[in-house]
Amino acid sequence: MKTYDQPLQPAAFFILFALATGDKHGYGIMQEARKLSENRFTLGPATLYTTVQRLLRSGWIEEVPGPADHDPRRRYYHLAKQGRAAFQREMERMEALVRKSKALRSRPAESRS
Amino acid sequence: MSDVLRLSSRIYAQLLNFYPEDLRCGHGAEMALVFDEDLAAAQRDHGMRGVLRVWRWTAGEFLRLALPGWICSPAVRVPVMSIALSAGMMLAMLPGILPNGPGQPPNAHAILYGLRFALMLPLFSTPFLCALSFLAGRGACLISLRDGMDAGGRHEDLSKRRFL
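Residues numbered from 1 in each chain as written. Chains lettered and ligands numbered in written order. Predicted model: local features only at pLDDT ≥ 70, side-chain atom pairs only at ≥ 80, totals over all residues.

Structural notes on the overall build of chain B
What chain B contains, in helices and strands, is 5 helices and 0 strands. Going from the N terminus to the C terminus, chain B shows its helices and strands as α-α-α-α-α. By residue count, 16% of the 164 residues in chain B fall in the buried class. In chain B, of all internal contacts separated by at least 6 residues, the share reaching a separation of at least 24 is 61%. (Helix = DSSP H or I, 4+ residues; strand = E, 2+ residues; numbered from the N terminus. Buried ≥ 20, exposed ≤ 12 C-beta atoms within 10 Å, placed from the backbone. Contact = placed C-beta atoms within 7 Å.)

Some words on the overall build of chain A
For chain A, the helix and strand inventory stands at 5 helices and 3 strands. Starting at the N terminus, the α and β elements of chain A follow one another as α-β-α-α-β-β-α-α. In chain A, which comprises 113 residues, the share counted as buried stands at 31%. The long-range fraction of contacts in chain A, counting pairs at least 24 apart against all pairs at least 6 apart in sequence, stands at 48%.

Re the interface of chain B and chain A
Taken together, the 23 residues of chain B in the interface contact 18 residues of chain A. Secondary structure elements with two or more residues in the side of chain B that touches chain A: α2 (21-46) and α3 (48-72) of chain B. The greatest single-element share of the side of chain B that touches chain A, amounting to 11 residues, is contributed by α2(B).

A few points about the sheet that holds strand β1 (residues 24-25) of chain A
Residue and element names in this part refer to chain A. What the 3 strands build is an open sheet, ordered β1-β3-β2; its pairing is antiparallel. For this open sheet the edge positions go to β1 and β2 (61-64), each flanked by a neighbour on one side alone. Packed on one face of the sheet, helix α1 (residues 10-20) meets β1, β2 and β3 (76-79) and runs near 90 degrees to β3. Strands in contact with helix α3 (residues 45-57) are β2 and β3; relative to β2, the strand with the most contacts, it is inclined by about 100 degrees. (Pairing = 2+ DSSP bridges. Axes fitted to C-alpha atoms, helices over the stretch in contact; angles between N-to-C directions.)

Quick word on the nonpolar core
Inside soluble globular proteins, nonpolar side chains tend to come together where they are buried. Of all hydrophobic cores here, the largest spans 35 residues; its most connected members are A:Ile15, A:Leu16 and A:Leu19. Within the residue set of this core, elements represented by two or more residues are α1, α2 (26-36), α3, β3 and α4 (81-106) of chain A together with α2 of chain B. With 8 residues, α2(B) is the largest single contributor of residues to this core. Setting aside its immediate chain neighbours within four residues, A:Leu16 contacts A:Trp60, A:Leu79, A:Gly83, A:Ala86 and A:Phe87. (Core = buried A, V, L, I, M, F, W, Y, C linked by C-beta atoms within 7 Å.)

What to know about the confidence of the model for chain A
Confidence in the prediction for chain A averages 88 pLDDT; 91% of positions are at 70 or higher. Taken element by element, the predicted model of chain A shows its lowest mean pLDDT in helix α5 (residues 109-112) of chain A (61) and its highest in β3(A) (96). (pLDDT = per-residue confidence, 0-100.)

What to know about the confidence of the model for chain B
Reading predicted coordinates in detail is not appropriate for stretches of low pLDDT. All names here are of chain B. Per-residue pLDDT for chain B averages 72, and the proportion of residues at 70 or more is 51%. Under a pLDDT of 50 for its full length, residues 141-164 has, in the predicted model, 40 contacts with residues more than four places off or in other chains. In the predicted complex, the global pTM is 0.66; the interface-specific ipTM is 0.83.

Notes on the environment of A:His78
All names here are of chain A. Here His78 is to be found in strand β3. Given 14 C-beta atoms within a 10 Å radius, His78 is considered partly exposed. Among all residues touching His78, those that are not within four sequence positions of it are Leu19, Asp23, Ile61, Glu62 and Val64.

Details of unusual backbone geometry
All names here are of chain A. Positive phi values are uncommon outside glycine, yet Glu38 reaches one of about 55 degrees. Turning to its location among the elements, Glu38 is positioned in the loop between α2 and α3. A positive phi angle, close to 65 degrees, is found at Asn39, a residue other than glycine. Take Asn39: it is sitting in the loop between α2 and α3.

Written out as structure tokens, the structure reads:
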């Protein structure tokens, strides 16, 4: 039987997803997460930075210098190699679940029970 | 900046005191900045309803992430335990302040009174302990917020620093 990795928490998933589209500061991550989830998932500042702190410690994301003209109060984050791999694994896990779900739906009703 | 945003910003800066120290020191200044930006955008796009929505989220986060850790922190646990101990002891001593019963030795009342005074001491010290722990927590936050920016307003990497 195939086993699945532990799913990522939604906050970690959306932060990694947001950073997969490019380096961002905290508010940029928040906005991107909102956009990616079509306003269904909101990250508050405390949830955002608690998760960012955990991801920084685990080496999944890293702090990088911002662009030359950036607001000096902001800190920019970059998706590290490990984080990219974890995000990829999570996407594969989700795709596998969707495939299974579609296969289940396409079966005739009597063979499901 | 409107009055609502200014007031909200001040309240949030105070709420940051209750978040875990490592989060506050590492990302406190950024959290305040992100909150201000989110609130300003919500007010611009949705007016007062947007502001209330941000506050609803913030209150939820506060109850979920800040309050449990704050209640379990020694700065709160010590005074609360001190009050509980004092209250418990006072209740236990309650019979001592009543007149001696027929079966009690004559000096039992005095002994119990002295003991009650000694055990009430934490009750008097509790307000001082509370004030001290609050000021210590507030000081740590102010240090983190102030040191988050150097003289030129540039953000320093506070995750590599430890306060207290």
